[in-house]
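Here is how the chains run, residue by residue.
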Amino acid sequence: MRVGLLTSGGDAPGMNACIRAVTRACLYYGMEVIGFHQGYEGLLDDDYEIMKVSSVADIIHRGGTILQTARSARFQTTDGTLDGYEVLKKHGIEALVVIGGDGSLRGALQLYEMTRMPVFGLPGTIDNDLAYTDFTIGFDTAVNTALQAIGNIRDTSSSHGRTTIIEVMGRNCGDIALNAGLAGGAETILIPEKSFNLDDIVKKLQAGLARGKKHSIIIKAEGAGISTDELAAVLGEKLGSETKQVILGYIQRGGSPTARDRILASRTGVRCVELIREGASNAAIGIKGDTIVDYPLAVALAMEKDSHLEFQRICDILL
Ligand code: F6P
């Protein structure tokens, strides 16, 4: 049996560990793997390599993706999806494994619905915005990278007595902000899922200053509904002191994956190959509690994320 494999969308630490797991599990079970470069773009361009045991040697600890990745507008079109299917058929591929985030898994679902090609989604994104899994591959590393940065910024922020806004990634999801902010002891965390009142934030910061606090850290998710420039300007004016801003950006997407991400990538990757062997037609694989789970792709992608009520309550008490 021959399996296609690609990574798609924004890269995430742990994608390589997942490529390794899928490849090695396939080879273990006597299946062949064709790795397409640059996601669906490489599929459409028929740009590929045959994956061997040695192709995935020495990559478990490396950030990024050895297959490279891309966001493909072409594949999203009906013609593009059918063109991709032709390439898969040409190679005699009987199942396609996609490691990526929401958009990438939706591309896989579209391929399945249009052609019935068996497709399997592994959750590779730092955003943690897939509701069907507690954690996505790359999220833990991104949170720890952001936490490290918050610690460094805290040192200089406290030395200078400044208010600093740190913008983290996550698109429309506040999970990186909530987790890094809580662990990093931020004074305020702004996320897309919860509206906020600027006057309340100013009052809270002023109350901190009044009781002798020398500095403040605000963690703002990129999708939190106000630009970091604007927030810095408003706070600077209302607090009457300079407010600094740091946009962490792509630093959060790189780096060696944490143990947690490597293990999640390895467990979900192997389970994916077992599902293919069991004759499943399509699935999204993830983790709930400590159990590896799978759902039909359409079911997984229709799920809605919870509203972080517990996290928000803890932040309200502790920040
Ligand atoms: O989905 C991962 C992510 O890093 C988001 O957090 C961010 O909004 C987006 O990708 C950035 O995308 P690009 O790499 O296209 O700039």
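This text follows the structure it describes.
Quick notes on the rules
- Starting from 1, residues in each chain are numbered consecutively following that chain's sequence as written.
- Given that the model is predicted, a residue must reach a pLDDT of at least 70 before its local features are reported, and side-chain atom pairs must reach 80 or more before they are shown or counted; all residues, however, enter totals for whole chains, interfaces and linings.
- For side-chain calculations, the full set of non-hydrogen atoms in the structure is used, while hydrogens and water are omitted.
- Secondary structure elements are defined from DSSP: runs of H or I of at least 4 residues count as helices, runs of E of at least 2 residues count as strands, and each element is numbered from the N terminus.
- In this setup the radius of gyration rests on C-alpha atoms only. A globule is expected at 2.2 Å times the number of residues raised to 0.38.
- Relative accessible area decides the class of each residue, using a 1.4 Å probe on protein chains only: under 20% of the type maximum gives buried, over 50% gives exposed, and in between gives partly exposed.
- Any residue with a non-hydrogen atom lying within 4 Å of a molecule or strand is treated as near it.
- Under the rule applied, a polar contact is a pair of N or O atoms within 3.5 Å (in protein, one hydrogen donor and one hydrogen acceptor; residues adjacent in sequence only if both atoms are side-chain atoms).
- Calculation of accessible area relied on Shrake-Rupley with a 1.4 Å probe; when residues are assessed, cover is drawn exclusively from the protein chains displayed.
- The residue classification treats Ala, Val, Leu, Ile, Met, Phe, Trp, Tyr, Cys and Pro as nonpolar and Asp, Glu, Lys and Arg as charged. All others, Gly included, are polar.
- Domain start and stop positions are those given by an automatic or database domain assignment.
- Whether two strands pair depends on DSSP finding at least two bridges between them.
- Axis definition: a line fitted to C-alpha atoms, limited for helices to the stretch in contact. Angles are taken between N-to-C directions and run from 0 to 180 degrees.
- Two residues qualify as a contact provided that any one of their heavy atoms is within 4.5 Å of a heavy atom in the partner residue.

Enquirer: What should I look at first to understand the overall build of the chain in this one?
Expert: Helices and strands together make up the secondary structure of the chain, namely 12 helices and 11 strands. Taken over C-alpha atoms, the radius of gyration comes to 21 Å for the chain, in line with the 20 Å a tight globule of 319 residues would show. Principal axes of the C-alpha set define a box for the chain whose edges measure 70 × 35 × 35 Å. With 319 residues in all, the chain has 52% of them scored as buried.

Enquirer: Looking at this model, I keep getting lost on the site of the ligand. Mind explaining?
Expert: Neighbouring the ligand are Arg71, Ile126, Asp127, Met169, Gly170, Arg171, Glu222, Tyr250 and Arg253. At a separation of 2.6 Å, an oxygen atom of the ligand approaches a polar side-chain atom of Glu222. Contact with the protein chains removes 77% of the 400 Å² of surface that the ligand exposes when unbound. Among the residues making up the shell around the ligand, the classes are represented as three nonpolar, one polar and five charged. Both domain 1 (2-138 + 257-302) and domain 2 (141-253) contribute no fewer than three residues apiece to the shell around the ligand.

Enquirer: Can you walk me through the sheet that holds strand S7 (residues 188-190) in this structure?
Expert: Strand pairing within a sheet occurs via backbone hydrogen bonds; the two strands may be parallel or antiparallel. Sheet architecture is open: four strands sit in the order S7-S8-S6-S9, paired in parallel fashion. Since the sheet does not close on itself, it has two edges, and those belong to S7 and strand S9 (243-247), each with one partner. The average undirected angle you get between the axes of adjacent strands in this sheet is 20 degrees. Against the sheet, helix H6 (residues 139-160) contacts strand S6 (163-168), strand S8 (216-221) and S9, and its axis sits at roughly 145 degrees relative to S8.

Enquirer: Explanation requested: the sheet that holds strand S10 (residues 282-288) in the structure shown.
Expert: Across the sheet, which stays open at both edges, the seven strands sit in the order S3-S2-S1-S4-S5-S10-S11 with mixed pairing between neighbours. Bordering the open sheet on either side are strand S3 (48-50) and strand S11 (291-295), each of which pairs with just one other strand. Taken pair by pair, the neighbouring strands of this sheet meet at an average axis angle of 25 degrees, ignoring direction. Pairing of strand S4 (residues 95-100) with strand S5 (residues 119-123), which is carried by five bridges, proceeds in the parallel orientation. Bridging across to S5, Val97 finds its partner in Phe120. Contacts from helix H1 (residues 15-28) reach strand S1 (2-7), strand S2 (32-36), S4 and S5 within the one sheet, and its direction differs from that of S1 by about 180 degrees.

By themselves, these figures tell us nothing about what the structure is for.
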